Amino acid sequence: MKAEKKAGQLNNTKWVADRLRHRLDINAIPYNERLSSLLPGYIPTLAALGDIASTSAFVAFDTESVPHCYKTTDVGLAFLPDINRTCPSNKNSPALDKFVKGHRVSTVSFKINGRYHDVQSRLSSALPPKPGRTHRTMEPLRFGKESFVDIEDLDTALADQIEKYRGMVPRKRLVLVGLSLQSDFERLSLEFPQITRYFSGWIDLSTLIKAESRTPTNLDTGLGTALTAFQYPYGDTGFDRRHQASNDAVRTLAVLHGLMDPQNVANIVLRQYQFPGIEISPSIKHFESKVYRALLYADGRNLPSTIDSAQKLAFAFQQFSPIGVAADCSNTRDNKRPYRTSIHTNRRTCGCVCFNSNKALRNFVSATDGQRYSDKHGEVVLKAVRAPLPPQIQAEITKGKRLKIRRKSARRKGAKALDVDWSDIFRNIFLIEEVHEEERTAEKRSWLSWFSRLARTILRKE
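Per chain, residues are indexed from 1 in the order of the written sequence. Under the rules for a predicted model, residues below a pLDDT of 70 receive no local features and side-chain atom pairs below 80 are neither given nor counted, while totals for whole chains, interfaces and linings still include all residues. Excluding hydrogens and water, the side-chain values take into account all heavy atoms of the structure.

This next bit is on the overall build of the protein chain. Helix numbers and strand numbers start at the N terminus; a helix is a DSSP run of H or I with at least 4 residues, a strand a run of E with at least 2. A tally of helices and strands in the protein chain yields 19 helices and 13 strands. Relative to its 462 residues, the protein chain shows a buried fraction of 47%. The long-range share in the protein chain, meaning contacts at least 24 apart out of those at least 6 apart in sequence, stands at 77%. Residue exposure ignores everything except the shown protein chains as possible cover, and the areas themselves are Shrake-Rupley values with a 1.4 Å probe. For the protein chain, the computed accessible surface area is about 24600 Å², with 51% contributed by carbon and sulfur atoms. Think of it in three bands: residues with accessible area under 20% of the maximum for their type are buried, residues over 50% are exposed, and the middle band is partly exposed, with areas taken using a 1.4 Å probe on protein chains only. Contact between two residues is taken to exist if any of their heavy atoms lie within 4.5 Å; hydrogens are not considered.

Structure (structure tokens):
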């Protein structure tokens, strides 16, 4: 045990040291010497970002390429002059349009002559998709001016644009920002290495987010996932569409700015948590066969923001040792809810928490029913009730009760008792108790256990 604990401490110590280094595979980058002036300026953590935030302006950089090839087809740049600038309208109900307008983001898109049109023609002439699938069509250009240049002129065009950005903030240094920059740096070193001389630092959002974890994690956060965690609408995430580079550059800056809010950081880091022994599902129906279930709701409103997804429920109530957790909108008929949900989907209206004993269920209901939560929409009162028994178990119990009444009626009339195979009637009830033998004392006080003992008494008399 001591050896395992010591090994764990060494792993965490190594993680704390490793997260201060970038994750680039330098040997895989052709002509990597062209990046020698840029690489030492790596900014690894949010604390380091906070130190340079007031003296820096940020340029987000994204590239799109021909599938299965390094050839660049589209390069997008987005410029954020002041990361500390506040925008109240975007904070309450975030959206990319509000972010661009409120933070004065400048955007430009450079399309490569020939290559970009080849990709467009491939998408338009693609074979019909397989059943149940759809083509990933190109999303529209939402931000910035579009320019077409030859590949030979791309390096100069980008350098001229970044020079303009530098002229807009002469007293600040420029920091390059991207997400998972390995492939972007490979294209940069091959086709437009000139721009590296304009930047004194660089940020990779994927490693910046991972560095906020207290323990080693394989958390892989994309732009759409991060924007979803920050409460941006589904249309801004770019899911299921082939991306425009300039649109992704704006998304990159929106994520970078969102990480300055500690609550947003907590929402993203929460996604990495694993809960051993707890099954998490985006649908309450998944647990409808469980006997010991509690249902949570807030009188038709969304659940409180701290527990409005299945993952948040598992995190908030893990001290009660549940065996299953789910959250959905099954108690509403709101067609505006997202048709695709996951355990991280927010704004759920109903929750379900499952246990392996009646005692644990009672303790949970008594502790959570009537709890008050402060939300941005006001105070929310949480209701916790025991869920009805599964239909198949309820049917067996109803059948047993009817046979019991018939047997009593026959005895009153002095007739011969009905010849009933009680073992078939109560088989499922016995199985339930056998699964949960560890809480036998508590079970004796429940009506289900009382009915089972009655059944055993009848069988012994026969």
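Our focus in this paragraph is the sheet that holds strand E4 (residues 145-149). The strand order E4-E3-E2-E1-E5-E6 describes an open sheet built from 6 strands, whose pairing is mixed. A strand with exactly one partner marks an edge of an open sheet, and here the two such strands are E4 and strand E6 (201-204). This sheet shows a mean twist of 25° between the axes of neighbouring strands, independent of strand direction. Packing against the sheet, helix H7 (residues 182-191) makes contact with strand E1 (56-65), strand E2 (72-80), strand E5 (173-178) and E6, and its axis sits at approximately 85° to E1. Strands pair, by our definition, only if DSSP identifies at least two bridges between them. All axes here are fitted lines through C-alpha atoms, helices being fitted over the stretch that makes contact, and every angle between N-to-C directions spans 0 to 180 degrees.

In the sections that follow, a salt bridge refers to a side-chain nitrogen of Lys or Arg positioned within 4 Å of a carboxyl oxygen of Asp or Glu. Enumeration over the complete set of coordinates arrives at 10 salt bridges. Between lysine 111 and glutamate 146 there is a salt bridge; the shortest N-O distance is 3.1 Å. Highlighted residues: lysine 111 in strand E3 (residues 106-112) and glutamate 146 in strand E4, separated in sequence by 35 residues. Judged by relative accessible area, which is 38%, glutamate 146 ranks as partly exposed. When the shortest N-O distance is used, the salt bridge between glutamate 379 and arginine 372 registers 2.9 Å. Taking relative accessible area as the criterion, glutamate 379 reaches 49% and is therefore assigned partly exposed. In the salt-bridge network here, residues are joined through shared partners; they are Asp74, Lys111 and Glu146.

So, about unusual backbone geometry. A positive phi angle, close to 75°, is found at glutamine 231, a residue other than glycine. Along the chain, glutamine 231 turns up in the loop between helix H9 (223-229) and helix H10 (234-237). Positive phi is not limited to glycine here, since serine 321 has a value of about 55°. Residue class for serine 321 comes out exposed when judged on its relative accessible area of 52%.

pLDDT is a residue-level measure of predictor confidence that goes from 0 to 100. Residues at a pLDDT of 70 or more form 75% of the protein chain, whose mean pLDDT is 78. The low-confidence segment residues 1-17 (pLDDT under 50) makes 9 contacts with residues lying over four places distant or belonging to another chain.

What follows is about the nonpolar core. What is meant by a nonpolar core is a set of buried Ala, Val, Leu, Ile, Met, Phe, Trp, Tyr and Cys residues, joined one to another through side-chain atoms within 4.5 Å. Leu49, Phe58, Phe99, Ile203, Leu253, Leu256 and Leu259 are the most contacted members of the largest nonpolar core, which has 37 residues in total. Sorting elements by how many residues they give to this core places helix H11 (residues 245-258) first, with 6 residues. When residues no more than four places from it in sequence are discounted, the contact partners of leucine 256 are Leu49, Phe58, Ile83, Val177, Ile203 and Leu205. Judged by nonpolar contacts, the second largest core, of 33 residues, contains Ile29, Tyr42, Val59 and Val75.

It is worth spelling out helix H14 (residues 358-368) at this point. Listed as buried for H14 are Asn358, Ala360, Leu361, Phe364, Val365 and Thr368. For H14, the buried positions fall inside an angular range of 160° around the axis, keeping them on one side. The positive-phi residue at the C-terminal boundary of H14 is glycine 370, with phi of around 85°. Comment: arc refers to directions from the helix axis out to C-beta atoms.

Here we take up empty space enclosed by the protein. In this analysis the probe radius is 1.4 Å and the grid spacing 1 Å, with only protein atoms considered; a cavity is a set of points the probe fits into but cannot get out of, a pocket is an open set with protein on both sides within 12 Å along at least five of seven lines, and lining residues have an atom within 4 Å of a point. Grid points are joined across faces, edges and corners, and a volume is the space filled by probe spheres set on the points. Summed over all chains, the structure comprises 4 cavities of 30 Å³ or more. What the largest cavity holds in volume is close to 90 Å³. Taken together, Ala229, Gln231, Asn267, Leu270, Arg271, Ser309, Gln311, Lys312, His344 and Asn346 make up the full set of residues lining the largest cavity. Only Asp, Glu, Lys and Arg are considered charged, only Ala, Val, Leu, Ile, Met, Phe, Trp, Tyr, Cys and Pro nonpolar, and every remaining residue, Gly among them, polar. Here the lining of the largest cavity is built from residues that sort into 2 nonpolar, 6 polar and 2 charged.

Once that is clear, we can look at helix H6 (residues 151-168). What a helix should span is 1.5 Å times the count of its residues minus one. Between the first and last C-alpha of H6 there are 27 Å, a value that for 18 residues agrees with the 26 Å anticipated at 1.5 Å per step. Three or more residues of H6 are buried, namely Leu154, Asp155, Ala157, Leu158, Ala159, Gln161, Ile162 and Tyr165.

Pairing is mixed across the open sheet formed by 5 strands, whose spatial order is E7-E9-E10-E8-E13. Of all the strands in the sheet, just strand E7 (279-281) and strand E13 (383-386) have a single pairing partner and so form its edges. Looking at each pair of strands side by side, their axes are set apart by 15° on average, direction ignored. Where strand E8 (residues 292-297) and strand E10 (residues 350-355) come together, 6 bridges link them in antiparallel fashion. Within the sheet, the bridge partner assigned to alanine 294 lies in E10 and is valine 353.

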